[in-house]
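Coordinate analysis (summary)
Given next are the chains, with one letter for each unit.
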Amino acid sequence: MLSGQLVRRLVSMATRVCLSPGSAGSGTVGPVEATIRAKLEQALSPEVLELRNESSGHAVPPGSETHFRVAVVSSRFEGMNLLQRHRLIHETLSEELAGPVHALAIQARTPTQWKENSQMDTSPPCLGGNKKTR
Amino acid sequence: MSGTLRRAAAALLRWGRGSGGVGLQGTGVRAAGSGAGGGQAEQLDALVKKDKVVVFLKGTPEQPQCGFSNAVVQILRLHGVRDYAAYNVLDDPDLRQGIKDYSNWPTIPQVYLNGEFVGGCDILLQMHQNGDLVEELKKLGIRSALLDEKQDQDSK
């Protein structure tokens, strides 16, 4: 019942949304990334914690730790809506968010939700600055 | 929510690797950038309640300056939401900090529906994917264009 035409239209729309693929991190773990991981582990005892430094996709110097994406799977999220889950993560990382971290994309799921969909989303490309958009 | 819509939404949100223009057209969006009146709580309170759909962006709906802000614009566009107020926080440092404090939310973009804080890009995306956004818009008397699109397809 899923119309191929509709899907094609949506996919083409997604293509227009996305100007270029996001760049992957350099692979080295910086001090901010390590702190984020430690704090989330301590606060949420996650079953899964995927953390990605996406800074290299943005108009910041190489090796920066400014833009992150995190997928947290924790039973602590049971009974919490999305806003509450995000706020809990923000609270846990309040120092980092008030300091070096400029952007934090969050996927907060319960273990059951993660079993249904364990895909980590990709961030849309940066449109700011002038280094990458030139 | 129908599986069709959910799958279609999921397809949209696998950010493709295409190239090309931003694909934005002029809409009925009120670029309310200036005149937000700084970032005082009472002013912001009035601001987020003034319109049914209010977004705080980096850049404008026509020219978002951040991928996450662009995603919010594109999701609203996909649902055919044209009548919304958009405030560009890059135009106003007081607003940029003020709205973060007011919402108790550290990042931009931020979305308000009916004066109520909904969240940022990730949450709007999730609501789009799981169908909640269609329902929330319905509560505001806004019929999502995705429903019409589905109806068109079904009737063929």
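Below is a short write-up of the structure.

Rules used throughout
Residues numbered from 1 in each chain as written. Chains lettered and ligands numbered in written order. Predicted model: local features only at pLDDT ≥ 70, side-chain atom pairs only at ≥ 80, totals over all residues. Heavy atoms only, no water. Pairing = 2+ DSSP bridges. Helix = DSSP H or I, 4+ residues; strand = E, 2+ residues; numbered from the N terminus. Axes fitted to C-alpha atoms, helices over the stretch in contact; angles between N-to-C directions. Core = buried A, V, L, I, M, F, W, Y, C linked by side-chain atoms within 4.5 Å. Buried < 20%, exposed > 50% of the residue type's maximum accessible area, 1.4 Å probe, protein only. Contact = heavy atoms within 4.5 Å. Arc of directions from axis to C-beta. Phe/Tyr/Trp six-rings, centres within 6.5 Å; stacked < 30°, edge-to-face > 60°.

As a further point, take the sheet that holds strand S1 (residues 48-53) of chain A. Residue and element names in this part refer to chain A. Ordered in space as S1-S2-S3, the three strands form an open sheet in which the pairing is mixed. What marks the edges here is a single partner per strand, and that holds for S1 and strand S3 (103-109). Sheet twist, expressed as the average angle between the axes of neighbouring strands with direction ignored, equals 10°.

With that out of the way, let us pick up the nonpolar core. Membership of the largest hydrophobic core comes to 44 residues, with the highest contact counts inside it found for Val53, Val55, Phe56, Val72, Tyr84 and Ile99 of chain B. The dominant element in this core, judged by the number of residues it contributes, is helix H3 (residues 67-78) of chain B, at six residues. Discounting residues that sit within four places of it in the chain, Val53 of chain B has contacts with Leu76, Val81, Tyr84, Ala85, Tyr112, Leu113, Leu140 and Ile142 of chain B. Leu40, Phe68, Phe77 and Leu104 of chain A belong to the second-largest nonpolar core, a separate cluster that totals 17 residues.

Residue and element names in this part refer to chain B. All of the buried residues in helix H6 (residues 132-139) are Leu133, Val134 and Leu137. End-on, the buried residues of H6 take up no more than an arc of 105°, which puts them together on one face. Pointing more than 90 degrees away from the buried face of H6 are the exposed residues Lys138 and Lys139.

Residue and element names in this part refer to chain B. Here strand S4 (residues 110-113) shows two buried faces, one formed by Gln110 and Tyr112 and the other by Val111 and Leu113. Where S4 lies against strand S5 (residues 116-119), three bridges are found, and the strand directions are antiparallel. Residue pairing for S5: Val111 is matched across the bridge by Gly119. In sequence, S4 turns back onto S5 through a hairpin of two residues, with Asn114 there showing a positive phi of about 55°.

On to the packing of aromatic side chains, then. Residues and elements named next belong to chain B. Within the structure shown, the criterion is met by five aromatic pairs over all chains. Seen in terms of ring centroids, Phe56 and Tyr87 are 5.4 Å apart; in terms of plane orientation they differ by 20°. Their pairing is stacked. Residue Phe56 is located in strand S2 (residues 53-57), and its partner Tyr87 is located in strand S3 (residues 85-88); the two are separated by 31 residues in the primary sequence. For Tyr87, a relative accessible area of 2% gives the class buried. Look at Tyr102 and Tyr112: their rings are 6.2 Å apart centre to centre, the planes differ by 40°, and that puts the pair in the tilted class. Remark: Tyr112 occurs in strand S4 and Tyr102 occurs in helix H4 (residues 93-103); sequence separation between them is 10 residues. A relative accessible area of 3% places Tyr112 in the buried class. Aromatic ring contacts, followed pair by pair, group Phe56, Tyr87, Tyr102, Trp105, Tyr112 and Phe117 into a single cluster.

Another point: unusual backbone geometry. Residue and element names in this part refer to chain B. Here the residue pair Ile108 and Pro109 is connected by a cis peptide bond, since its omega of 10° sits within 30 degrees of zero. Relative to the helices and strands, Pro109 resides in the loop between H4 and S4. Residue Asn104 is not a glycine yet carries a positive backbone phi of 55°. Note on placement: Asn104 falls in the loop between H4 and S4.

Function cannot be inferred from these measures alone, as they are strictly geometric.
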